[in-house]
Amino acid sequence: MADAVVIGAGPNGLTAANLLADAGWKVLVLEEQPEPGGAVRSDCGVDPDFVSDVFSSFYPLAAASPVLRALRLEEDGLRWSHAPSVLAHPLPDGRCAVLERDVAATAAGLERFGAGDGEAWRELHGLWERFGSELLGCLFTPFPPVRPGLRLLGKARGAGALRLARTMLLPARRLGEEYFEGEGGRLLLAGNALHADLSPESAIGGGFGWLMSMLAQSHGFPVPVGGAGSLTAALVRRLERHGGQVRCGERVTEVIVRNGRALGVRTADGNAVRARRAVLADVSAPTLFTELVAAEHLPAQLLRDVHRGFQWDFSTFKVDWALSGPVPWTAEPAAGAGTVHLADGVDDLTRFAAQLATRHVPDRPFLLVGQMTTADPTRSPQGTESAWAYTHVPQRIEHDAGADGILGSWNEREQEAMADRIEAQVERFAPGFRSRIRNRRVLSPVTLQRMDANLHGGAINGGTTALHQQLVLRPTPGTGRPETPVNGLYLASASAHPGGGVHGIPGANAARAALRSPATRAVLTTARRTLAG
Ligand SMILES: Cc1cc2nc3c(=O)[nH]c(=O)nc-3n(C[C@H](O)[C@H](O)[C@H](O)COP(=O)(O)OP(=O)(O)OC[C@H]3O[C@@H](n4cnc5c(N)ncnc54)[C@H](O)[C@@H]3O)c2cc1C
């Protein structure tokens, strides 16, 4: 019998499994899909000569994660690669904001958008150099982050701490306007805020945009050599070296609970799989609490909180391409960037966010574009480009702001129309782009969820990043910790603090919670039950 069963082989499930195996536990990971990785997978499904990342691609959060660094995945074959520049945001008039790996180069480019903007970027970077590691420490440790929190307060002191807190809470538009005269710096902050479901006007969007921008500045946006799947392969290889096992094609349908304790799980074929010590769930919070655990084992308030209060992040629509040549950007500097953001300006980002909020499919979608061969030349033959773009659409669609009548059935007509709309947006910034498409693959919200049940309706972050679902409010009001009201059951996915992205922290937090002494575990489970009830 396994000591622990982990449900789901996403990056969080695999991180949790590795930590438990390191502690000498016998670990079994059960994965619904035919292969491990969750939203960290790559394939040759677009074109046999091209490697395409099916979901996520760029891993600054992995590079900054103390947990993933400590796993030393390089010893299991992982190698990183970088594009010449990290991120570009071209504008229709041919200007281009570029986040380079060298802070002086980024600053020099932004100075061309507004006098003093280079210095403003250096100032924001200075803030990161002073407080960045403590802030990441607060995010990357289980809640409450006592030690990094005290270190941060010690460093920032009094009014400094209040000013830092204000900066973190600002919307991206406001932070950009306080620091920058021109559009370039403002766009880098706001575009990065939209990596999560935060509009330019959302509270903490400025803090999030700044954090992502500074991770980009200090770590770049690295990609695994050979495809996103190489990161998963290293996690699995390491786990197996330590005695752990991953079984694919095994959908868990129930967490077996007796007398308030998780005893194991049941799979779709009806088999019970026992776990001597713990069950760790790398599934979404709604799936865990409304599908896998019977309601009788959970406090009624928790169920009400999940049903009424849990908010998914936006839905996602993605297109992968095999291109016969590089993207012919009008703004040349975009050619060297791994990630390219496409929107006409900060106001255009607000327009896009307003369309999402009012349940419209955007007519001129904000695009995140990945130029994967630029970031890692192994992805496709020389002179070609393995590329993708995704945008967001509402979880519940009522109108199409465009002319195609896309209303969220995502039948073939709607998928093709939305993919065409995305290509038209790229074409505005890169005339001739469409003539370079050899093959394309369309990943609608329905397809994304079919390939990974955690991507509910195409949500990519396990629930909104908005302030009202963060820290002790994630996934529902409680302790902000991985314990659940069921003894021996832990939430290990991006639905748990600190949320989405490939950093492995929710998985690590869950594993560490399971490894605590029985007395501490009992206190924390009771606290969770009390707060939920
Ligand atoms: C299109 C897209 C682009 C993204 N881009 C980036 C990026 O560039 N950088 C970044 O850091 N993050 C990115 N993300 C977000 C990131 O991939 C996720 O936040 C991360 O994968 C979450 O990890 P997880 O382990 O919590 O869940 P997942 O990766 O979703 O893994 C969950 C696993 O559990 C399995 N599972 C679910 N239910 C069951 C069940 N009942 N039984 C058995 N198995 C089950 C699923 O099949 C899946 O394998 C992106 C996500 C998407 C979808």
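Note that the structure is predicted; figures quoted are calculated from it, not measured.

### Examining the overall build of the chain
Now for step 1: In terms of helices and strands, the chain carries 19 helices and 20 strands.
Now for step 2: In summary, the chain has a C-alpha radius of gyration of 22 Å against a globular reference of 24 Å for 533 residues, a match within 12%.
Now for step 3: Projecting the C-alpha coordinates of the chain onto the three principal axes gives extents of approximately 65 × 55 × 50 Å.
Now for step 4: With 533 residues in all, the chain has 61% of them scored as buried.
Now for step 5: In the chain, the share of contacts with a sequence separation of at least 24, taken over all contacts with a separation of at least 6, comes to 72%.
Now for step 6: When the accessible area of the chain is evaluated, it comes to approximately 19,700 Å², of which 52% is carbon and sulfur surface.
Now for step 7: Charged side chains of the chain number 54 positive and 55 negative; the gap between the two group centres comes to 9 Å.

### Examining the sheet that holds strand S7 (residues 96–99)
Now for step 1: Here 7 strands make up an open sheet; going across it, the order is S7-S6-S14-S16-S17-S13-S19 and the pairing mixed. Of all the strands in the sheet, just S7 and strand S19 (437–443) have a single pairing partner and so form its edges. The sheet shows a mean angle of 20° between the axes of neighbouring strands, taken without regard to direction.

### A closer look at the packing of helix H4 (residues 103–111) against helix H5 (residues 117–139)
Now for step 1: Contact pair H4 / H5: the axes reach a minimum separation of 7 Å and the direction vectors enclose 145°. Once H4 is placed against H5, the crossing between them reads as right-handed. Where H4 abuts H5, its residues Val103, Ala104, Thr106, Ala107, Leu110 and Glu111 lie against Asp117, Gly118, Glu119, Trp121, Arg122 and His125.
Now for step 2: Residues of the contact of H4 with H5, tallied by class, amount to 5 nonpolar, 3 polar and 4 charged.

### Digging into the site of the ligand
Now for step 1: The ligand sits among 31 residues. The nearest are Glu31, Phe58, Asp282, Asp452 and Gly501.
Now for step 2: For the ligand, an oxygen atom lies 2.9 Å from a polar atom in the backbone of Ala494.
Now for step 3: Between an oxygen atom of the ligand and a main-chain N or O atom of Val502, the distance comes to 2.9 Å.
Now for step 4: Within the complex, 95% of the 990 Å² of free accessible area of the ligand lies under protein.
Now for step 5: Listing elements by their share of the shell around the ligand, those giving two or more residues are helix H1 (11–22) and strand S2 (27–31).
Now for step 6: Residues of the shell around the ligand, tallied by class, amount to 13 nonpolar, 11 polar and 7 charged.

### Observations regarding the environment of Leu87
Now for step 1: Following the sequence through the fold, Leu87 ends up in strand S6 (residues 85–90).
Now for step 2: According to the relative accessible area criterion, Leu87 is buried, its value standing at 0%.
Now for step 3: When the C-alpha positions of Leu87 and Ile397 are compared, they lie 30 Å apart, and in sequence the two are 310 residues distant.

### Structural notes on helix H9 (residues 183–193)
Now for step 1: In terms of residue burial, H9 counts as a mostly covered element, since 10 of its 11 residues are buried.
Now for step 2: Buried within H9 are the following residues: Gly184, Gly185, Arg186, Leu187, Leu188, Leu189, Ala190, Gly191, Asn192 and Ala193.

### Description of the nonpolar core
Now for step 1: Counting residues in each nonpolar core, the largest one holds 94 residues, and the members touching the most others are Leu20, Val27, Val29, Trp121, Trp210 and Leu280.
Now for step 2: Ranked by residues supplied to this core, first place goes to H5 with 9 residues.
Now for step 3: Not counting residues within four places of it along the chain, the set of residues in contact with Trp121 comprises Leu99, Val103, Thr106, Ala107, Leu110, Phe180, Leu188, Ser213, Met214 and Gln217.

### With respect to H4
Now for step 1: Listing the buried residues of H4 in full gives Val103, Thr106, Ala107, Gly109 and Leu110. Viewed end-on, H4 has its buried residues packed into an arc of 160°, placing them on one side of the element.
Now for step 2: Packed against the buried residues of H4 are S7, H5, H9 and helix H10 (205–219).

What counts and how
- Residues numbered from 1 in each chain as written.
- Predicted model: local features only at pLDDT ≥ 70, side-chain atom pairs only at ≥ 80, totals over all residues.
- Heavy atoms only, no water.
- Helix = DSSP H or I, 4+ residues; strand = E, 2+ residues; numbered from the N terminus.
- Rg over C-alpha atoms; globule rule 2.2 N^0.38 Å.
- Buried < 20%, exposed > 50% of the residue type's maximum accessible area, 1.4 Å probe, protein only.
- Contact = heavy atoms within 4.5 Å.
- Areas by Shrake-Rupley, 256 points an atom, 1.4 Å probe, with all protein chains shown as cover.
- Lys, Arg positive; Asp, Glu negative; His and termini not counted.
- Charge placed at Lys NZ, Arg CZ, Asp CG, Glu CD.
- Pairing = 2+ DSSP bridges.
- Axes fitted to C-alpha atoms, helices over the stretch in contact; angles between N-to-C directions.
- Left-handed = near helix turned anticlockwise from the far one by under 90°.
- Nonpolar A, V, L, I, M, F, W, Y, C, P; charged D, E, K, R; others polar.
- Near = heavy atom within 4 Å.
- Polar contact = N/O pair within 3.5 Å; in protein donor to acceptor, adjacent residues only side chain to side chain.
- Core = buried A, V, L, I, M, F, W, Y, C linked by side-chain atoms within 4.5 Å.
- Arc of directions from axis to C-beta.

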